[in-house]
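Below are the chains, spelled out letter by letter.
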Amino acid sequence: MSAAVEELLEGVSICVCVGSGGVGKTTTAAAIAAGMAARGHRVAVLTIDPAKRLADSLGLEELGNDERRVDPALFERAGVDPGGGELWATMLDVKATFDDVVARHAPDEESKRRILENRIYRRLSGTLAGSQEYMAMERLYEIHERGEYDLVVLDTPPSRNALDFLDAPRRLVQFIEGRAIRLFLRPAGLGMRVAGRGFAIVSSLLRRLTGLDLIEDLSEFFTATSGMIGGFRERATRVEALLGGDETAFLIVCGPAGEPVEEAAFLREKLRDADLPFGGLIVNRIHTVEPPLAADPAELSEAVAAALDDADLAERVLASYADARALAESDARNIDRLAERIGPSPLLQVPELGDEVHDLSGLLALSPYLFGRPTRP
Amino acid sequence: MRECPIADLLDKRLAFVTGKGGVGKTTVAYALGLAAAAAGKRAIVCEIAAQERGSRIFGRSPIGFHETRVSQGLWAISIDPERTIREYLEVQMPMRSMAAILARSNLFGYLTAATPGLQEMVSMGKVWELTLNERKSPDAERTYDIVIVDAPATGHGIAFLQTPHEFRDLARVGPLAHQAGRIERTLADPTATGVAIVARGEEMAVNEAIALERSLAGPDAGTRFEIDRFYVNCLYPDRLSGPERKLIERVVKRSANESARAAEPALRAALEEATRAAAQREQLERLREQVAGPVAELPFLFAPGLGPEQLSRLAGVLT
């Protein structure tokens, strides 16, 4: 089923691009945002790790967690009049976002300082799997909440397992809640003491194993965060509701090779299981080739040999064409298989365009495939 | 194609494969494994991720946390930090039954997740254990000549390789800190440990490969790694010379008669491939100019999928 992004995003104010690493998610997210802006919408794109040239060309060379408006002159230079449309872009800064979250939820300066300096928190905000995903969601929510844009497009972190993204907020909130542990940190009653002894054993075992004594850090972390749990939980619930609501559409981005197709189909299943709104599928970098005009291979060989008047060169050209056709056929078969697997859903196909997309004009050049027509006033 | 012997890399006990996401790290790791096996070595590929790919490549049931033979002379294992911690406790701790109970408790899982670097550390510990001549894990009946690690992508890959150093810095006592010290010595020994970085002939992948070398081999690295090999994957064949491209362009423009028109789809396809090949080679040359390690080329495989046959083709090119 073919469709155009603008129709898919009708009535949608949040568009989340998901998919495994290396399939062009960042470019797709930016191209969708640029195309929507060119159609008169006020759009913000939240990218995770854009190619430097693309980031530079969008004016993202400076670090910072705020959205920056992409220079309207760039649209003009690309021959596009966006009307009232605006394109804003920002790069995710995980640590800064997490620090903002803490600052927002901390009941006072002292707790804020204690959390920001805590070893457990630093692990949490730095390296713990899921932090990037959670903070991407957090930023998305915060930008959406301000209500300054018609549409916010989110590029998701390059995790090998694209599903981490869906589970991360809940997992992280559970971690911060730390129900299993808070129990032990309360003043012990009779029942608690037994549990407390279990804690002592586990933590002493861990200490013997790792040489790290985390009891103090843990207890400080949980004491300092206890005033914030309600805020975190409420926020996570609201983020979840927003992502699961009518205002949101998840687009799955994948490549045309066998394995990405498998992953996309798997991801579609997971979105269904998680009851998240699936908007459609974008297959990127599809190998295409013109079909032969010649009636049969012999005629083609003759035509090429005649046109080039060089048998050796003709042979190489034919080998190249044969490889290109085999590749295009294999991609087409994979896409058919994918379409079958995901059922009747919108499916957009973007051909391999050779060079990498590295500026606004390049992003807008993807419009014919994503929007069904070129971006022109 | 340039000749690129990898004897040196395959002569090591431990080889890490990293690079940008989606460039083909897993493919290269398994191709290296096949190349090692073809050279008569016993090799094992360790996947450090929840979603292992070896089972799909070799068309078999999930590999999981078991040393599984996938081909002649080649084994694979998917390293799961939680299972590794449990194994570690059972092997290292004097009170195995208790350790087993604790390892299963929610509280323990919670604490291990909160402990900085612990999951990475035990994963690295497991990788290292596989390189030993006297294995410690309970079901270890064999030893390997080479352990090839399909390491996490760029940023996490660096963190993973620096884990023993960081951990030793953080925790100065205890069996894990002691082990971290031993592992770090192995990693820092270039005769024992090698690193391969995979890229593609694309701007981002090349940028990440350059940054990776700077970070791993640079003066600020906790443990320093020389890069043994860069692999630029999925390179289109360079079938046409510059003058040949120009000739074909002229022919396409002229498009004189019906016979010439019949040739056009093939001519345009060949031109398109040549344009892509040239763009890739530009990135390849940029990588060559900016890194110290040797750069090898891997061909684009015009194949519908990746299986043992395609891997063998790559393994053949690797050596």
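Residues numbered from 1 in each chain as written. Chains lettered and ligands numbered in written order. Predicted model: local features only at pLDDT ≥ 70, side-chain atom pairs only at ≥ 80, totals over all residues. Heavy atoms only, no water.

## Remarks on the overall build of chain B
Next up, step 1: When helices and strands are tallied, chain B shows 13 helices and 8 strands.
Next up, step 2: The principal-axis extents of the C-alpha atoms in chain B amount to approximately 85 × 45 × 35 Å.
Next up, step 3: The burial tally for chain B puts 60% of its 319 residues in the buried class.
Next up, step 4: Long-range pairs, those at least 24 residues apart, make up 72% of the contacts in chain B with a sequence separation of at least 6.
Next up, step 5: Split by element, the accessible area of chain B, about 12900 Å² in all, is 50% carbon and sulfur.
Next up, step 6: For chain B, the separation between the mean place of its 40 positive charges and that of its 40 negative charges on side chains is 2 Å. (Helix = DSSP H or I, 4+ residues; strand = E, 2+ residues; numbered from the N terminus. Buried < 20%, exposed > 50% of the residue type's maximum accessible area, 1.4 Å probe, protein only. Contact = heavy atoms within 4.5 Å. Areas by Shrake-Rupley, 256 points an atom, 1.4 Å probe, with all protein chains shown as cover. Lys, Arg positive; Asp, Glu negative; His and termini not counted. Charge placed at Lys NZ, Arg CZ, Asp CG, Glu CD.)

## Details of the sheet that holds strand β2 (residues 43-47) of chain B
Residues and elements named next belong to chain B.
Next up, step 1: With mixed pairing, 8 strands are arranged side by side in an open sheet as β3-β4-β2-β5-β1-β6-β7-β8. Two strands close off the open sheet at either side, each with one partner strand: β3 (68-71) and β8 (295-299). Direction aside, neighbouring strands of the sheet carry axes that sit 25° apart on average.
Next up, step 2: When β2 meets strand β5 (residues 146-150), the two strands line up parallel, connected through 5 bridges. (Pairing = 2+ DSSP bridges. Axes fitted to C-alpha atoms, helices over the stretch in contact; angles between N-to-C directions.)

## Focus on helix α7 (residues 118-131) of chain B
All names here are of chain B.
Next up, step 1: When the terminal C-alpha atoms of α7 are compared, their 20 Å separation across 14 residues agrees well with the 20 Å that a helix rising 1.5 Å per residue should span.
Next up, step 2: Counted residue by residue, α7 has 12 buried out of 14 residues, so it is predominantly covered.
Next up, step 3: Within the span of α7, buried status applies to Leu 118, Met 121, Val 122, Ser 123, Met 124, Gly 125, Lys 126, Val 127, Trp 128, Glu 129, Leu 130 and Thr 131. (Expected span 1.5 Å × (residues − 1).)

## Considerations on the pattern of salt bridges
Next up, step 1: One pass over the structure, following the stated rule, counts 38 salt bridges over all chains.
Next up, step 2: Between Glu 138 of chain A and Arg 235 of chain A there is a salt bridge; the shortest N-O distance is 2.6 Å. Of this pair, Glu 138 of chain A sits in helix α8 (residues 131-146) while Arg 235 of chain A sits in helix α13 (residues 229-244), and the two are 97 residues apart along the sequence.
Next up, step 3: Glu 290 of chain A is the salt-bridge partner of Arg 268 of chain B, the closest N and O atoms lying 2.5 Å from each other. Of this pair, Arg 268 of chain B sits in helix α12 (residues 258-290) while Glu 290 of chain A sits in the loop between β7 (278-286) and α15 (297-308), placing the two residues on different chains.
Next up, step 4: Judged by relative accessible area, which is 32%, Arg 268 of chain B ranks as partly exposed.
Next up, step 5: On the basis of relative accessibility, which here comes to 31%, the residue Glu 290 of chain A falls in the partly exposed class.
Next up, step 6: Within the structure, one salt-bridge network assembled from shared partners comprises Glu 67, Glu 87, Lys 126, Glu 129, Arg 135 and Arg 142 of chain B. (Salt bridge = Lys/Arg side-chain N within 4 Å of Asp/Glu carboxyl O.)

## A few points about the environment of Phe 232 of chain A
Residue and element names in this part refer to chain A.
Next up, step 1: Turning to its location among the elements, Phe 232 is positioned in helix α13.
Next up, step 2: C-alpha separation for the pair Phe 232 and Ala 33, spaced 199 residues apart in sequence, amounts to 29 Å.
Next up, step 3: Here Phe 232 is in contact with Val 101, His 105, Tyr 134, Val 173 and Ile 176, once residues within four sequence places are set aside.

## Some remarks on helix α12 (residues 215-225) of chain A
Next up, step 1: Looking only at α12 of chain A, the buried set comprises Asp 217, Leu 218, Phe 221, Phe 222, Ala 224 and Thr 225 of chain A. Projected onto a plane normal to the axis of α12 of chain A, the buried residues spread over an arc of 165° and lie on a single side. (Arc of directions from axis to C-beta.)

## Here's the deal with the packing of aromatic side chains
Residue and element names in this part refer to chain B.
Next up, step 1: For the structure shown, the criterion picks out 8 aromatic pairs over all chains.
Next up, step 2: An angle of 65° between the planes, with centres 5.4 Å apart, marks the rings of Tyr 30 and Phe 58 as edge-to-face. Placement of the pair is Tyr 30 in helix α2 (residues 25-38) and Phe 58 in the loop between α3 (54-57) and β3, with a sequence separation of 28 residues. Grouping residues by exposure puts Tyr 30 and Phe 58 together as buried.
Next up, step 3: One aromatic cluster is present, built from ring pairs that chain together Tyr 236, Phe 300 and Phe 302. (Phe/Tyr/Trp six-rings, centres within 6.5 Å; stacked < 30°, edge-to-face > 60°.)

## Observations concerning the side chain of Asn 284 of chain A
Residues and elements named next belong to chain A.
Next up, step 1: Residue position: Asn 284 is located in strand β7.
Next up, step 2: Among the polar contacts listed, one links the side chain of Asn 284 to the side chain of Thr 28, at a separation of 2.8 Å.
Next up, step 3: In contact with Asn 284, other than residues within four places in its own chain, are Val 23, Gly 24, Thr 28, Val 253, Cys 254, Gly 255, Pro 256 and Val 350. (Polar contact = N/O pair within 3.5 Å; in protein donor to acceptor, adjacent residues only side chain to side chain.)

## Some points on the state of the cysteines
All names here are of chain A.
Next up, step 1: Counted according to the given criterion, the structure contains 0 disulfides over all chains.
Next up, step 2: Free of any disulfide, Cys 15 has its nearest neighbouring cysteine sulfur in Cys 17, separated by 4.3 Å.
Next up, step 3: We classify Cys 15 as buried; its relative accessible area is 0%. (Disulfide = S-S within 2.5 Å.)

## Quick word on the environment of Arg 313 of chain B
Next up, step 1: Its place among the elements puts Arg 313 of chain B in helix α13 (residues 308-318).
Next up, step 2: Judged by its relative accessible area of 41%, Arg 313 of chain B is partly exposed.

## Brief notes about the side chain of Glu 184 of chain B
Residues and elements named next belong to chain B.
Next up, step 1: Tracing the backbone shows Glu 184 in helix α9 (residues 175-188).
Next up, step 2: Side-chain polar atoms of Glu 184 contact the side chain of Arg 168, separated by 2.6 Å.
Next up, step 3: Discounting residues that sit within four places of it in the chain, Glu 184 has contacts with Pro 164, His 165, Arg 168, Gly 222 and Thr 223.

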